[in-house]
Amino acid sequence: MKNLIYKTILALMSPVRENLSIFLTLWFGACSALSFYIFQHFGVKLMVYYVFLGAMICYPIVVFISLLNSKLKSIIFNIFFALACINNAADAISFETTGGEFGPDQVALIMGTNLGESAEFFQSYFTPHLFLVVLLSVGSCVLLRLALPQIIKGKLSTILGYGILITLASVVCFTNITKSQSWSTVFLGKYLAFSGYSTPPDLKDYATSPDISRRPDAITPSNIVMVIGESFNRDHSSLYGYTKKTNPELSKLEDSGLLLHLDSVTTPAVHTIQAVESILSTYDDRQGGDWLNQTTLFDISKAMGYNTTWLSNQSRVGAYDNIVTKYAELADSSLWVGLSGLGLMKKDYDELLLPYVTEWSRNTDETPRLLLIHMIGSHPEFSGRYPDNYNVFSAEDYDYSNKRQCKTISEYDNSILYNDAIISNLITSVSDLDAIVLYFPDHGLDLYESDSRYCGHGKDGIPESVRSAEKIPLWIYVSEKYNVRNPSFIQNLSKIKDKPVSTADIIYSIADLMGISLLNGQDVKEKSMF
């Protein structure tokens, strides 16, 4: 029996022992970058598991290669080696830019947003530091491939081969970490993420007839304007105590008593797609589940007799089509301004929206209306989000640790200053109406808060980065006409200034404004900010 076990082990190890340099090279490419970041943020236990999975993926590949003749073996090895280098680089890029391993969320970020946004994402995040990270991840694979055949010879090959087998067997037998992840979420996840990604469905096919109960005493505004900004971290708003005067115009409006900012607002997601899914429907990204079969804001508006208009300064099309566009097409009318409809990299400033808002405000009738505005806001690249006359802040106004940070933050603050002017003008355009205006961004940004080298979308795997990107502003404007009709509304607003609010529940706040008491059995007041 012992002799049989011994022979079985020898047979199993023979392909690895005879092709050890190939095995170790592929193994390193499969999991070195991933394992490093897992160790850095989640500890050694989970790292060991990922290393184990890497070995299990590489073992059948080496067995296959060992059966080939020398010429074919070289060709197949080169193919797998190239894939290993790409895999290593993808993991390094993903962790550096999003804080998580490359998977469905990253694919959705690349493929599901508009073309201009995806292109600008890469332009913004591919810094010299990231280039060095990619160079190191790929270069280390190449160096290992060149060095290992010279290092591993004779008995050392046998010792390492058995050592690998014993280590893997120990992991399987003496730890329970294999229960924590599935193979498909690790190395096969990259392939499965791309192969599983498809064009978003037509949301018109999922329209619902919501079960609604109305408040008979509701004093509803004839016009509701909901402005969805972009990439606004509220720590850079002077309305929230920021030392740079980035919101001078809105500060004047707040002094008039018709505008209020809420102090404790967060977004449910730090990327546009997941955030918008939560904002425009009863889906909550914090809880997960099926985002398709949900009641949308457009379903509610239709049921309550509101005419809906979507006005956007973001791109209409994406690499696989834009999920946000699918929601926009549910509106009674939708319009994309400037070159954004082409999905090109552009510098279409948000002021392009203003004439259309003015035109919308003039076309009044007895039908209540909901206007949804989607801005480009402060999406990276920041310097492309404002005209030259808003280049107010400069790198010299900041004392960050290096010039790059100072320049980046000055450009970001200029974009916030410009955003202030646009929102103020939007409000002015509808100020003569019986109206309420809500402004909030889809998400914020991590502005060197979690890492002195990193400025961008919140990294899902890094709590401090997520907290930075979750902090967003929310402003409520009440027109004079609506204030006259419902004076208690502004009085009650002051009571909610410090109330914790998530934009995942914004749909219930809109439903509340429309006079709905129950939505699909849910008490609207329980989730409404009002």
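1. With respect to the pairing of strand β7 (residues 369–374)
And step 1. Of all six residues that make up β7, six are buried, and the element is covered over most of its length.
And step 2. Judged from the six bridges that link them, strand β2 (residues 223–229) and β7 form a sheet pairing that is parallel. Each bridged residue has a counterpart across the sheet, and for Ile 228 the counterpart in β7 is His 374.

2. Quick word on the packing of helix α10 (residues 248–255) against helix α15 (residues 403–430)
And step 1. Between α10 and α15, the least distance of the axes is 7 Å, while the angle of their chain directions is 45 degrees. Between α10 and α15, the angle falls in the class oblique. For the pair α10 and α15, contact is made by Pro 248, Glu 249, Leu 250 and Leu 253 and by Leu 417, Asp 420, Ile 423, Ser 424 and Ile 427, respectively.
And step 2. Residues of the contact of α10 with α15, tallied by class, amount to six nonpolar, one polar and two charged.

3. Description of the confidence of the model for the protein
And step 1. Of all residues in the protein, 78% have pLDDT values of 70 or greater, and the mean over the chain is 82.
And step 2. Confidence scores differ between elements of the protein, with helix α9 (residues 189–195) showing the lowest mean pLDDT of 49 and β2 the highest of 98.
And step 3. Residue range residues 192–197 is modelled with pLDDT below 50. Its contacts to residues more than four positions away, or to other chains, number 12 contacts.
And step 4. Note on residues 340–345: pLDDT under 50 across the span, and 22 contacts to partners over four residues away in sequence or across chains.

4. What to know about the packing of aromatic side chains
And step 1. Evaluated as defined, the whole model comprises 12 aromatic pairs.
And step 2. On the basis of an interplanar angle of 20 degrees and a centroid distance of 4.6 Å, the ring pair of Tyr 439 and Trp 475 is categorised as stacked. Of the two residues, Tyr 439 is situated in strand β8 (residues 435–441) and Trp 475 in strand β11 (residues 474–478); the sequence distance between them amounts to 36 residues.
And step 3. On the basis of relative accessible area, Tyr 439 is assigned to the buried category, the value being 2%.
And step 4. When its relative accessible area of 2% is taken as the criterion, Trp 475 is described as buried.
And step 5. Positioned over the ring face of Tyr 398 is Lys 244, at 4.5 Å from the centre of the ring.
And step 6. Of note, Arg 369 hangs over the ring of Trp 360, and the distance from its end group to the ring centre comes to 3.7 Å.

5. Notes on the sheet that holds strand β14 (residues 522–523)
And step 1. Read from one edge of the open sheet, three strands run β1-β13-β14, paired in antiparallel fashion. Only two strands of the sheet have a single neighbouring strand rather than two, namely β1 (212–214) and β14.
And step 2. When strand β13 (residues 516–519) meets β14, the two strands line up antiparallel, connected through two bridges. Counterpart to Leu 519 in the pairing with β14 is Gln 522.

6. Concerning the packing of helix α14 (residues 354–362) against α15
And step 1. With their axes 8 Å apart at the nearest point, α14 and α15 run at an angle of 20 degrees to one another. Taken as axis vectors, α14 and α15 run roughly parallel relative to one another. Viewed along their axes, α14 and α15 form a crossing whose handedness is right-handed. For the pair formed by α14 and α15, the contact residues are Leu 354, Val 357, Thr 358, Trp 360 and Ser 361 on the first element and Ile 422, Asn 425, Leu 426, Ser 429 and Val 430 on the second.

7. Remarks on the nonpolar core
And step 1. By size, the foremost hydrophobic cluster in this structure holds 98 residues, and its most contacted members are Met 226 and Leu 280.
And step 2. Element by element, the count of residues in this core is highest for α15, at 11 residues.
And step 3. Leu 20, Cys 31, Phe 77 and Phe 81 belong to the second-largest nonpolar core, a separate cluster that totals 21 residues.

8. Quick word on the sheet that holds β7
And step 1. One open sheet holds the seven strands; their spatial order is β3-β11-β8-β2-β7-β5-β6, and the pairing between them is mixed. Strand pairing shows two members of the sheet lacking a second neighbour, β3 (259–262) and β6 (333–336), which therefore form its edges. Here the strands of the sheet are splayed against their neighbours by 15 degrees on average, with no regard to which way each runs.
And step 2. Strands β3 and β11 of the sheet are contacted by α10, whose axis makes an angle of about 110 degrees with β3.

9. Looking at helix α16 (residues 463–470)
And step 1. When α16 is considered as a whole, its buried residues turn out to be Ser 465, Val 466, Ser 468 and Ala 469. Seen from one end, α16 has its buried residues packed into an arc of 160 degrees, which puts them on one side. In this structure, α16 carries Pro 463 and Arg 467 as exposed residues pointing more than 90 degrees from its buried face.
And step 2. Residues of α16 that are buried in the fold lie against β9 (446–447).

10. Structural notes on a nonpolar patch on the surface
And step 1. A contiguous nonpolar patch, built from Leu 72, Ile 75, Ile 79, Leu 83 and Ile 86 and spanning about 460 Å² of accessible area, is present on the exposed surface.
And step 2. Mapped onto the secondary structure, Ile 75 falls in helix α4 (residues 70–98).
And step 3. On the accessibility criterion, Ile 75 (43% relative accessible area) is partly exposed.

11. Regarding the pattern of salt bridges
And step 1. Tallying each qualifying case throughout the model produces eight salt bridges.
And step 2. Between Lys 252 and Glu 249 there is a salt bridge; the shortest N-O distance is 3.6 Å. Placement of the pair is Lys 252 and Glu 249 together in helix α10, with a separation of three residues, close to one helical turn.
And step 3. Overall, the relative accessible area of 31% leaves Glu 249 in the partly exposed class.
And step 4. For Lys 407, the salt bridge goes to Glu 411, with nearest N and O atoms at 2.6 Å. Taken as a pair, Lys 407 and Glu 411 lie in helix α15 at a separation of four residues, close to a single helical turn.

12. Some words on the environment of Glu 277
And step 1. Here Glu 277 shows up in helix α11 (residues 272–279).
And step 2. A sequence separation of 50 residues divides Glu 277 from Tyr 327, and the C-alpha atoms of the two residues are 8.5 Å apart.
And step 3. Leave out the neighbours within four places in its chain, and Glu 277 touches Tyr 283, Trp 291, Ile 323 and Tyr 327.

13. Thoughts on the environment of Ile 506
And step 1. Mapped onto the fold, Ile 506 is located in helix α19 (residues 506–513).
And step 2. The buried category is assigned to Ile 506, whose relative accessible area is 1%.

14. Considerations on unusual backbone geometry
And step 1. With omega at 5 degrees, the peptide bond leading from Pro 380 into Glu 381 counts as cis.
And step 2. Tracing the chain through its elements places Glu 381 in the loop between β7 and α15.
And step 3. One non-glycine residue, Ser 231, adopts positive backbone phi at about 60 degrees.
And step 4. Here Ser 231 is to be found in the loop between β2 and α10.
And step 5. Unusually for a residue other than glycine, Asn 520 sits at a positive phi of about 50 degrees.
And step 6. With respect to the helices, strands and loops of the structure, Asn 520 is situated in the loop between β13 and β14.
And step 7. The class of Asn 520 is partly exposed, set by a relative accessible area of 40%.

Conventions we followed
Residue numbers run consecutively from 1 along every chain, following the written order of its sequence. Local features in a predicted model are, by the rule used here, given only for residues with pLDDT of at least 70; side-chain atom pairs are given and counted only at 80 or more, and totals for whole chains, interfaces and linings are based on all residues. Hydrogen atoms and water are omitted, and side-chain values are computed over all heavy atoms in the structure. Only protein chains enter the accessibility calculation, which uses a 1.4 Å probe. A residue is then buried if its area is under 20% of the maximum for its type, exposed if over 50%, and partly exposed in between. For helices the rule is a DSSP run of H or I covering at least 4 residues; for strands it is a run of E covering at least 2, with both sets numbered from the N terminus onward. Paired strands are those between which DSSP finds at least two bridges. The angle between two axes is taken between their N-to-C directions and runs from 0 to 180 degrees, where each axis is a line fitted to C-alpha atoms and a helix contributes only its stretch in contact. Oblique is the label for any angle not covered by the other classes, which are roughly parallel (under 35 degrees), roughly antiparallel (over 145) and roughly perpendicular (65 to 115). Contact between two residues is taken to exist if any of their heavy atoms lie within 4.5 Å; hydrogens are not considered. Gly counts as polar in this scheme, as do all residues outside two lists: the nonpolar Ala, Val, Leu, Ile, Met, Phe, Trp, Tyr, Cys and Pro, and the charged Asp, Glu, Lys and Arg. What pLDDT conveys is the predictor's confidence in a given residue, as a value from 0 to 100. Stacked, tilted and edge-to-face are the three classes assigned to paired rings of Phe, Tyr and Trp, where Trp is represented by its six-membered ring and a pair needs centres within 6.5 Å; plane angles under 30 degrees give stacked, over 60 edge-to-face, the rest tilted. In this scheme, the term charge over a ring applies when either NZ of a lysine or CZ of an arginine sits within 6 Å of the ring centre and within 35 degrees of the ring normal. Each helix crossing is assigned a hand: it is left-handed if the near helix lies turned anticlockwise from the far helix by less than a right angle, otherwise right-handed if that turn is clockwise. Among the buried residues, those of types Ala, Val, Leu, Ile, Met, Phe, Trp, Tyr and Cys that are joined through side-chain atoms within 4.5 Å form a nonpolar core. The arc in question is the one traced by the directions running from the helix axis out to the C-beta atoms. Two distance rules govern patches: like charges are joined within 9 Å, and nonpolar side chains (Val, Leu, Ile, Met, Phe, Trp, Tyr) within 5 Å, applied only to residues with over 30% relative accessible area and no salt bridge. Every accessible area reported is derived by Shrake-Rupley at a probe size of 1.4 Å, with residue values counting cover from the shown protein chains alone. We count a salt bridge whenever a side-chain nitrogen from Lys or Arg sits within 4 Å of a carboxyl oxygen from Asp or Glu.

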